[in-house]
Amino acid sequence: MRSWRAKLVAAIGVCLAVAVPTGASLYLAHRQSLQYERANADAAAGEVLRRMDAMGDEALEAYQRLAASSSVPCSESQLSLMRAIDTSSEYLHATGYVEGGKLKCSSLGTHGNGIDLGPVTYTSLRGTRIRASVDLQLGGDRRFLVFEQGGYSTATMPEMLVDSRTPEQDMAVGAFGESSRVLLSKRGGFDPAWMTKNAGSAGETSFYDGRYLVVLRRSSKFDVTAYAAIPEQALRAHMLDSLLLLMPMGLVLGAVLAGMVLWAARYRASLPAVIQGALKRKEFTLHYQPIVDLRDRRVVGVEALLRWTRADGSYIRPDVFIPVAEDCGLIQRITAYVMDQLAIDAQKIVRARPDCYISFNLSSEDLHSRQLVDSIEKLLAKAGIEARNLVVEATEHSMIKQDMAQNINAEIRALGVRIAIDDFGTGYSGLAYLTRLQSDFLKIDRTFVESIGTDSATSDVAIHIIQIARSLNLKVIAEGVESEVQAEFLTKQGADCGQGWLFGRPMPLDRLLVEILGPACDESFVQ
Ligand code: G
Ligand code: G
Ligand code: MN
């Protein structure tokens, strides 16, 4: 059942390891190509807009210069001014004089009765009369964009506004009158629906209409909007390019991740056998971490913590192998091992400090078997220590089968051995349960000590746990105390003891005996 579940978890892990990077590379390719194309379209629309604005500026300047010159319309001096304007401007093909809708004369010469310019297509917001497609009768079928204001006119070849090179060959570009919605110049495909989209207050917008990715840029000066549009095929081609670049990376990453998942699964599957071997070869050792009275910082106890260094020197953390041992039914053998070692070490600790206690950790399986009580009795006898020198630590979680655990708890306490509830606050048992359970110490989990003084949601939990413990007459041990600030806060709130790097890290027995167990323990913690 367990191996079946482990296989399922591994299979799901492998699927995710492959699917996530592959999916991510697809998504990235899509996003990247869209971003790239949008930037291209934006640059192209920007270029059209720049030319439209430049042409508008040139036209305005031409009307001003012609109006300012006091020469008679169509006089020789005015024609030469028109020619001068033409040569100095980039986008104006011709400047001229208009009367009654007819071009009487221009920089190209006089036109007799005048060339009929045809109907005005629309009048812009600033009053310029615009004719979108005028035959100036210069031969051929060339059509001009003619602007007229105050009797003077300018003519531009619309192709000039859109003939710039674009990175995408099939990019469509053009410009239209913003308020009139009249197309002024275009190259490539066009959809009148684009003109109905509002470029917004920023004067710029982009959208995908199902066939084209379109960018609109509205002039801040004139009543015109430029656009650039990239057809779907071009988008797809670029997307494919990005994908060809990103997909192999995604696949390699997926394969590496899948390999890691498989490795981790196999490693975990092989651990039970390795743990059994380690028990035989005695690769486990116990380290001890001091527990101090918070008022005077004197050592009142030590917690035994299991350490596993393999023959090859690699270190395996208890949070890795303890859950595996619990899963595969090896935890009771580990506990027996710990208690064997403890019998030897406890004797030395108590000899050095008769008023100190030693605590050790139990798992849920341990608390479900009466054998534990016998083992504890044997341990006390073998070590030659008193019951008051021993404390067992059990997590809330480990007491799930409440009735069973409650009975064994009671028997342990009947021996005079005290019980600490470990990692308090991380389990899920109710308060009612805590009142029924007989115990002596409550250990505040280090996550709640860590958050002291921060504005995280759990920063007040330590205060509440201390209050609960006091109302139940339990001594409070705060775990994971790393700073003076935490220690002072906990002392002020009424916690009794502290354990953590501030007072001492877990260490081998010989170091504990030399460095920590100096002055006598505080009597009040030993009954
Ligand atoms: O100190 P350390 O990081 O090694 O502890 C990690 C976890 O392993 C802690 O939750 C601790 O309670 C648990 N642990 C350490 N030693 C033992 C042990 O001997 N038995 C059990 N069941 N758990 C232990
Ligand atoms: O059994 P328990 O879950 O209480 O184990 C205590 C755990 O906390 C061990 O893993 C131990 O190494 C670790 N620990 C002890 N003191 C500190 C500390 O001050 N800071 C941190 N981060 N971990 C600590
Ligand atoms: Mn513990």
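Summary of the structure given here.

1. Here we look at the packing of helix H6 (residues 331-352) against helix H13 (residues 509-516)
And then number 1: Relative orientation of the contacting elements H6 and H13 amounts to 5°, with a least axis distance of 11 Å. Taken together, the axis directions place H6 and H13 in an arrangement best described as roughly parallel. Together, Asp 345, Lys 348, Ile 349 and Ala 352 of H6 and Leu 509, Leu 512 and Leu 513 of H13 make up the contact between the two elements.
And then number 2: Here the contact of H6 with H13 is composed, by residue class, of five nonpolar, no polar and two charged.

2. Things to note about the coordination of the manganese ion (ligand 3)
Angles between donor atoms at a metal ideally measure 109.5 degrees for a four-coordinate tetrahedral arrangement and either 90 or 180 degrees for a six-coordinate octahedral one.
And then number 1: Those donors, Glu 303 (OE), Asn 361 (OD1), Glu 393 (OE) and Asp 422 (OD), are the protein atoms that reach the manganese ion (ligand 3), and they lie 2.1 to 2.4 Å from it.
And then number 2: Donor residues binding the manganese ion (ligand 3) come from one chain and are separated in sequence as E-x57-N-x31-E-x28-D. Of this pair, Glu 303 sits in strand S14 (residues 299-309) while Asp 422 sits in strand S18 (residues 418-424); the two residues are 119 residues apart in sequence, bridging distant segments of the chain. We note that Glu 303, like Asp 422, is buried.

3. Side note on the pairing of strand S10 (residues 204-208)
And then number 1: Sheet topology places S10 next to strand S11 (residues 212-218); five bridges connect them, and they run antiparallel. Residue pairing for S11: Phe 207 is matched across the bridge by Val 214.
And then number 2: Hairpin geometry of S10 and S11 is characterised by an intervening segment of three residues between the two adjacent antiparallel strands and by a positive phi of about 100° at Gly 210.

4. Focus: the sheet that holds S11
And then number 1: The strand order across the open sheet formed by five strands is S9-S8-S12-S11-S10, and the pairing between neighbours is antiparallel. Looking along the sheet, the strands with just one partner apiece sit at the ends: strand S9 (183-187) and S10. Direction aside, neighbouring strands of the sheet carry axes that sit 15° apart on average.
And then number 2: Sheet topology places strand S8 (residues 172-177) next to S9; four bridges connect them, and they run antiparallel. When the sheet's bridge partners are listed, Phe 176 is paired in S9 with Leu 183.
And then number 3: Those strands touched by helix H4 (residues 232-281) are S10, S11 and strand S12 (224-231), and its axis lies near 55° from that of S12.

5. As for the site of ligand 1
And then number 1: Neighbouring residues of ligand 1: Leu 305, Leu 306, Arg 307, Pro 318, Ile 322, Val 338, Asn 361, Leu 362, Ser 363 and Asp 422.
And then number 2: Within the backbone of Leu 306, an N or O atom sits 3.0 Å from a nitrogen atom of ligand 1.
And then number 3: Measuring from a nitrogen atom of ligand 1, one finds a side-chain N or O atom of Ser 363 at 3.0 Å.
And then number 4: Out of a free accessible area of 510 Å², ligand 1 has 77% covered by protein chains.
And then number 5: Elements with a contribution of two residues or more to the shell around ligand 1: S14, helix H5 (318-327) and strand S16 (357-362).
And then number 6: Across the shell around ligand 1, the residue classes tally to six nonpolar, two polar and two charged.

6. Here we look at the site of ligand 2
And then number 1: Among the 15 residues in the neighbourhood of ligand 2, the closest are listed as Gln 289, Arg 446, Glu 479, Glu 482 and Trp 501.
And then number 2: At a separation of 3.0 Å, an oxygen atom of ligand 2 approaches a polar side-chain atom of Asp 422.
And then number 3: In this structure, an oxygen atom belonging to ligand 2 sits 2.9 Å away from a side-chain N or O atom of Asp 423.
And then number 4: Notes on ligand 2: free accessible area 520 Å², of which the protein chains cover 78%.
And then number 5: When residues of the shell around ligand 2 are traced back to their parent elements, those giving at least two are S14 and S18.
And then number 6: No other element matches the three residues that S14 contributes to the shell around ligand 2.

7. Examining a nonpolar patch on the surface
And then number 1: Together, Trp 4, Leu 8, Ile 12, Leu 16 and Val 20 give the surface a local cluster of nonpolar side chains, amounting to about 530 Å² of exposed area.
And then number 2: Note that Trp 4 resides in helix H1 (residues 2-68).
And then number 3: We classify Trp 4 as exposed; its relative accessible area is 57%.

8. With respect to the packing of aromatic side chains
And then number 1: If you walk through the whole model with that rule in mind, you get 12 aromatic pairs.
And then number 2: Both rings, one in Trp 194 and one in Tyr 212, keep their centres 5.1 Å apart while their planes meet at 75°; by these two values the pair is edge-to-face. Residue Trp 194 is located in the loop between S9 and S10, and its partner Tyr 212 is located in strand S11; the two are separated by 18 residues in the primary sequence. Neither Trp 194 nor Tyr 212 differs from the other in exposure class; each is buried.
And then number 3: Here Phe 284 and Tyr 337 contribute two aromatic rings whose centre-to-centre distance is 5.6 Å and whose plane-to-plane angle is 75°, an arrangement assigned as edge-to-face. In this pair, Phe 284 is assigned in strand S13 (residues 284-293) and Tyr 337 in helix H6, connecting sequence segments 53 residues apart.
And then number 4: Assessed through its relative accessible area of 2%, Phe 284 is described here as buried.
And then number 5: According to the relative accessible area criterion, Tyr 337 is buried, its value standing at 12%.
And then number 6: Pairwise contacts between aromatic rings join Phe 176, Phe 190, Trp 194, Tyr 212 and Tyr 227 into one cluster.

What counts, and at which threshold
- Residues numbered from 1 in each chain as written.
- Chains lettered and ligands numbered in written order.
- Predicted model: local features only at pLDDT ≥ 70, side-chain atom pairs only at ≥ 80, totals over all residues.
- Heavy atoms only, no water.
- Axes fitted to C-alpha atoms, helices over the stretch in contact; angles between N-to-C directions.
- Helix = DSSP H or I, 4+ residues; strand = E, 2+ residues; numbered from the N terminus.
- Parallel < 35°, antiparallel > 145°, perpendicular 65-115°, else oblique.
- Contact = heavy atoms within 4.5 Å.
- Nonpolar A, V, L, I, M, F, W, Y, C, P; charged D, E, K, R; others polar.
- Donors = N, O, S within 2.8 Å, 3.2 Å for Na, K, Ca; no water.
- Buried < 20%, exposed > 50% of the residue type's maximum accessible area, 1.4 Å probe, protein only.
- Pairing = 2+ DSSP bridges.
- Near = heavy atom within 4 Å.
- Polar contact = N/O pair within 3.5 Å; in protein donor to acceptor, adjacent residues only side chain to side chain.
- Areas by Shrake-Rupley, 256 points an atom, 1.4 Å probe, with all protein chains shown as cover.
- Patch = residues over 30% accessible without salt bridge, like charges linked within 9 Å, V, L, I, M, F, W, Y side chains within 5 Å.
- Salt bridge = Lys/Arg side-chain N within 4 Å of Asp/Glu carboxyl O.
- Phe/Tyr/Trp six-rings, centres within 6.5 Å; stacked < 30°, edge-to-face > 60°.

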